[in-house]
Amino acid sequence: MNYAAIKQYDVANGPGVRVSLFVSGCTHHCKNCFNEETWDFNYGSPYTEAETARILEYLKPDYVAGLSVLGGEPFEPSNQEGVLPLLRAAKEEYPHKDIWCYSGYLFDRQIVEEMCEKSAVTREMLSYIDILVDGRFVEEKKNLKLRFRGSENQRIIDVKESLKKGSVVHAELE
């Protein structure tokens, strides 16, 4: 897996100060995507254990609320194997910090019903994610007043509660 960027201080992709990983590779190709260069799976640099160590170090301060993973597309099958060890390590080392993930795939239909049925990696990824912002960016539904998402069709989902209830539970944000 390649990655486009690691932001040590990010306040746009989840609440509070966060560390964000932007993975490379996305097949959605949403019209007017804010990060179009990350569609290319070869864009950026190879993601290695050194990047995981750097992200874990960035997460260390108490003022950092958590980790956000976006892209590109973290749930592209070829990216999941690269993202999973980071999620596992972050949750193990910082269980009190939340993990947000952004995906153009729909949580209930594509991720849970399709990907989880085919892949233990997908199921394990979901076990570490607290909040998933799902749905493709839709230019016609763009709304700059929305918090933590770009278009009105995108949902902010409480993953743990949704998996427990078997239906989508929208996250309660402060």
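What comes next is a walk through the structure. (Residues numbered from 1 in each chain as written. Predicted model: local features only at pLDDT ≥ 70, side-chain atom pairs only at ≥ 80, totals over all residues. Heavy atoms only, no water.)

**Some remarks on the sheet that holds strand β7 (residues 155-158)**
Next up, step 1: On the basis of which strands lie adjacent, the open sheet formed by seven strands has the order β3-β1-β2-β4-β5-β6-β7 and mixed pairing. Of all strands in the sheet, those with a lone pairing partner are β3 (45-46) and β7, marking the two edges.
Next up, step 2: Where strand β4 (residues 64-70) lies against strand β5 (residues 98-103), four bridges are found, and the strand directions are parallel. When the sheet's bridge partners are listed, Leu67 is paired in β5 with Ile99.
Next up, step 3: Its contacts with the sheet place helix α1 (residues 49-59) against β1 (2-10), β2 (17-23), β3 and β4, and it is angled at close to 15° to β1.
Next up, step 4: Each of β2, β4 and β5 is contacted by helix α2 (residues 77-93), which is oriented at about 170° to β4, the strand it contacts most. (Pairing = 2+ DSSP bridges. Helix = DSSP H or I, 4+ residues; strand = E, 2+ residues; numbered from the N terminus. Contact = heavy atoms within 4.5 Å. Axes fitted to C-alpha atoms, helices over the stretch in contact; angles between N-to-C directions.)

**A short note on the packing of α1 against α2**
Next up, step 1: With their axes 10 Å apart at the nearest point, α1 and α2 run at an angle of 30° to one another. Here α1 lies roughly parallel to α2, going by the angle between them. Seen from above, α1 lies across α2 with right-handed handedness. Listed contacts from α2 to Thr52, Ile55, Leu56 and Leu59 of α1 are Leu86, Ala89, Ala90 and Glu93.
Next up, step 2: The class makeup of the residues in the contact of α1 with α2 is six nonpolar, one polar and one charged. (Parallel < 35°, antiparallel > 145°, perpendicular 65-115°, else oblique. Left-handed = near helix turned anticlockwise from the far one by under 90°. Nonpolar A, V, L, I, M, F, W, Y, C, P; charged D, E, K, R; others polar.)

**So, the state of the cysteines**
Next up, step 1: Counted according to the given criterion, the structure contains zero disulfides.
Next up, step 2: Sulfur of Cys30: no disulfide; nearest cysteine sulfur belongs to Cys26 and is 6.2 Å away.
Next up, step 3: Free of any disulfide, Cys116 has its nearest cysteine sulfur in Cys101, 12 Å distant.
Next up, step 4: Here Cys116 falls in the buried class, since its relative accessible area comes to 8%. (Disulfide = S-S within 2.5 Å. Buried < 20%, exposed > 50% of the residue type's maximum accessible area, 1.4 Å probe, protein only.)

**Let's talk about empty space enclosed by the protein**
Next up, step 1: On inspection of all chains with the given rule, the structure shows one cavity of 30 Å³ or more.
Next up, step 2: Estimates place the volume of the largest cavity at around 40 Å³.
Next up, step 3: Every residue lining the largest cavity is listed: Leu59, Gly66, Leu67, Ala90, Lys91, Tyr94, Lys97, Asp98 and Ile99.
Next up, step 4: When contributions to the lining of the largest cavity are tallied by element, the ones reaching two or more residues are β4, α2 and β5.
Next up, step 5: Of the residues in the lining of the largest cavity, the class split is five nonpolar, one polar and three charged. (1 Å grid on protein atoms, 1.4 Å probe; cavity = no way out; pocket = protein on both sides within 12 Å on 5 of 7 lines; lining within 4 Å. Points joined across faces, edges and corners; volume = space filled by probe spheres on them.)

**Description of the packing of aromatic side chains**
Next up, step 1: Here the structure, examined in full by the defined rule, presents three aromatic pairs.
Next up, step 2: Taking the centre distance of 5.9 Å and the plane angle of 90° together, the rings of Tyr3 and Tyr47 count as edge-to-face. Here Tyr3, found in strand β1, pairs with Tyr47, found in the loop between β3 and α1; they are 44 residues apart in sequence, far enough to count as distant. For the residue pair Tyr3 and Tyr47, the accessibility class agrees, reading buried in each case.
Next up, step 3: For the ring pair Trp100 and Tyr102, a centre distance of 6.4 Å and an interplane angle of 35° mean the geometry is tilted.
Next up, step 4: One aromatic cluster is present, formed by Trp100, Tyr102 and Phe148 through successive ring pairs.
Next up, step 5: Lying across the ring of Tyr94, Lys97 places its NZ or CZ 5.5 Å from the centre. (Phe/Tyr/Trp six-rings, centres within 6.5 Å; stacked < 30°, edge-to-face > 60°. Lys NZ or Arg CZ within 6 Å of the ring centre and 35° of its normal.)

**A closer look at the packing of α2 against helix α4 (residues 120-128)**
Next up, step 1: The interhelical angle for the contact between α2 and α4, taken along N-to-C directions, is 35°, at an axis separation of 9 Å. The handedness of the crossing between α2 and α4 comes out as left-handed. Where α2 approaches α4, its residues Gln80, Glu81, Val83, Leu84, Leu87, Arg88 and Lys91 are matched on the opposing element by Val121, Thr122, Glu124, Met125 and Tyr128.
Next up, step 2: Considered class by class, the residues forming the contact of α2 with α4 number six nonpolar, two polar and four charged.

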